[in-house]
Amino acid sequence: SDERQNAVTVVIGGASGIGAATVADLRAHGHEVVVADLAPPADGIAVDVADEPSVAALFEAVVEQHGGFTGVVNCAGVSTLSAIVDHDAAEFRRVVDVCLTGAFLVLKHGGARVTDGGAIVSLSSLNARQPGTGMAAYCSAKAGLVMLTQVAALELAPRGVRVNAVSPGLVVTPLTAPAMDIPGVRDGYLDNTPLGRSGEPGEIAALLRFLLSEDAAWITGENIDVNGGAHLQ
Ligand code: NAD
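These figures come from a predicted structure and were not determined experimentally.

Helices and strands together make up the secondary structure of the chain, namely 7 helices and 7 strands. From first element to last, N terminus to C terminus, the chain shows the α and β order β-α-β-β-α-β-α-β-α-β-α-α-α-β. Whereas a compact globule of 233 residues would reach a radius of gyration of roughly 17 Å, the chain reaches 17 Å, a difference of no more than 12%. Here the C-alpha coordinates of the chain stretch approximately 50 × 35 × 35 Å along the principal axes.

See the structure below:
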């Protein structure tokens, strides 16, 4: 497909899970993709989204190597499992640093350099609207990311840059696989999912590709649920 000819898209967190599926999907649809991650593949760029100089250097390098970029997908994310009364504060801050401050730094430096008319999409989560026991840091950061997306959409709209978020339900990836071993977690989730199954990384990638495309040219400041209906109950 030539739906996004001349698209240069930066996929952060592109080495694993949803990000890796997105890299493959975008390449299959004609995007030139730059993969960025803590431990990137050989043709990628190393970045820590929680570290401002690192994020600034990423987008500078993309401009230098590719002449610019039209899209950014930010899939970087980490989680932790701890009740608030037992929560290590540094661990809480690290999750917020990566999931919320990291998204801010990507919008700051990516937003400053993305081509006019381009698009930025961040990964929020079903947990932005659905609290989970032991997930205070992750839920709080992902909820903040939804509002951050709306503010960024307002601020970047004068340049025609669209900013959206995507909120998946359960997709089994290296991030979520450990929780699948906790008795009852997977069944509990699927009981609350009308379509009765977890999602595939490619099903998230397809939505991300749509939001980057011209077909989504009038969508900005939105957070789209993709979860088999889990947000309905
Ligand atoms: P994953 O662990 O497979 O991939 C996440 C990637 O982000 C990894 O490659 C990791 O190295 C990278 N990363 C982590 N910290 C980083 C940092 N500081 N700087 C740069 N890169 C960093 O996880 P996934 O399941 O593919 O999740 C992708 C995104 O989707 C995350 O934001 C996650 O919160 C969100 N999400 C996932 C699910 C799910 O069920 N898998 C559900 C809702 C939301």
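With 15 residues, helix H2 (residues 52-66) extends 21 Å from end C-alpha to end C-alpha; this agrees with the ideal 21 Å at 1.5 Å per step. Backbone geometry just after H2 places Gly67 at a positive phi near 80°.

With that settled, consider the site of the ligand. In the region of the ligand, 28 residues are neighbours, and Gly13, Ser16, Gly17, Gly77 and Leu175 sit closest. Those elements that provide at least two residues to the shell around the ligand are helix H1 (17-28) and helix H3 (89-113). Per-element accounting of the shell around the ligand gives the leading share, 3 residues, to H1.

Pairing is parallel in the open sheet, where 7 strands are placed in the order S3-S2-S1-S4-S5-S6-S7. One side of each edge strand has no neighbouring strand; the edge strands of this open sheet are strand S3 (45-46) and strand S7 (223-226). Alignment of strand S4 (residues 71-74) against strand S5 (residues 119-123), held across 4 bridges, turns out to be parallel. Paired with Gly71 across the bridge in S5 is Ala119. Its contacts with the sheet place helix H7 (residues 201-212) against strand S1 (8-12), S4, S5, strand S6 (162-168) and S7, and it is angled at close to 165° to S6.

Here Val78 lies in the loop between S4 and H3. Its 19 C-beta neighbours within 10 Å are what place Val78 among the partly exposed residues. Distance from Val78 to Pro174, taken between C-alpha atoms, is 10 Å for residues 96 residues apart in sequence. Contacts of Val78, omitting those with residues within four sequence positions, involve Val95, Val98 and Cys99.

At a closest axis distance of 9 Å, the pairing of H3 and helix H4 (residues 136-156) adopts a crossing angle of 15°. In terms of axis orientation, H3 runs roughly parallel to H4. Crossing angle aside, the handedness with which H3 passes H4 is right-handed. Two secondary-structure elements touch here, H3 through Phe92, Val95, Val96, Cys99, Leu100, Ala103, Phe104, Leu107 and Gly111 and H4 through Ala137, Tyr138, Ser140, Ala141, Lys142, Gly144, Leu145, Leu148, Ala152 and Leu156.

Next up on the list: the environment of Pro158. For Pro158, the location among the structural elements is in the loop between H4 and S6. Accessibility expressed as a C-beta count within 10 Å gives 8 for Pro158, which makes it exposed. Once the C-alpha coordinates of Pro158 and Gly117 are considered, the two residues, 41 residues apart in sequence, prove to be 9.4 Å apart.

Another aspect to go through is the nonpolar core. Counting residues in hydrophobic clusters, the biggest one holds 61 residues, and the most contacted among them are Val11, Ile12, Ala36, Val49 and Val121. Per-element tally for this core: the top contributor is H4, with 9 residues. With near-sequence residues (within four places) excluded, Ala36 lies in contact with Val10, Val11, Ile12, Gly14, Gly44, Ile45, Val47 and Leu58.

Cut-offs used in this document
- Residues numbered from 1 in each chain as written.
- Predicted model: local features only at pLDDT ≥ 70, side-chain atom pairs only at ≥ 80, totals over all residues.
- Helix = DSSP H or I, 4+ residues; strand = E, 2+ residues; numbered from the N terminus.
- Rg over C-alpha atoms; globule rule 2.2 N^0.38 Å.
- Expected span 1.5 Å × (residues − 1).
- Near = placed C-beta within 6 Å.
- Pairing = 2+ DSSP bridges.
- Contact = placed C-beta atoms within 7 Å.
- Axes fitted to C-alpha atoms, helices over the stretch in contact; angles between N-to-C directions.
- Buried ≥ 20, exposed ≤ 12 C-beta atoms within 10 Å, placed from the backbone.
- Parallel < 35°, antiparallel > 145°, perpendicular 65-115°, else oblique.
- Left-handed = near helix turned anticlockwise from the far one by under 90°.
- Core = buried A, V, L, I, M, F, W, Y, C linked by C-beta atoms within 7 Å.

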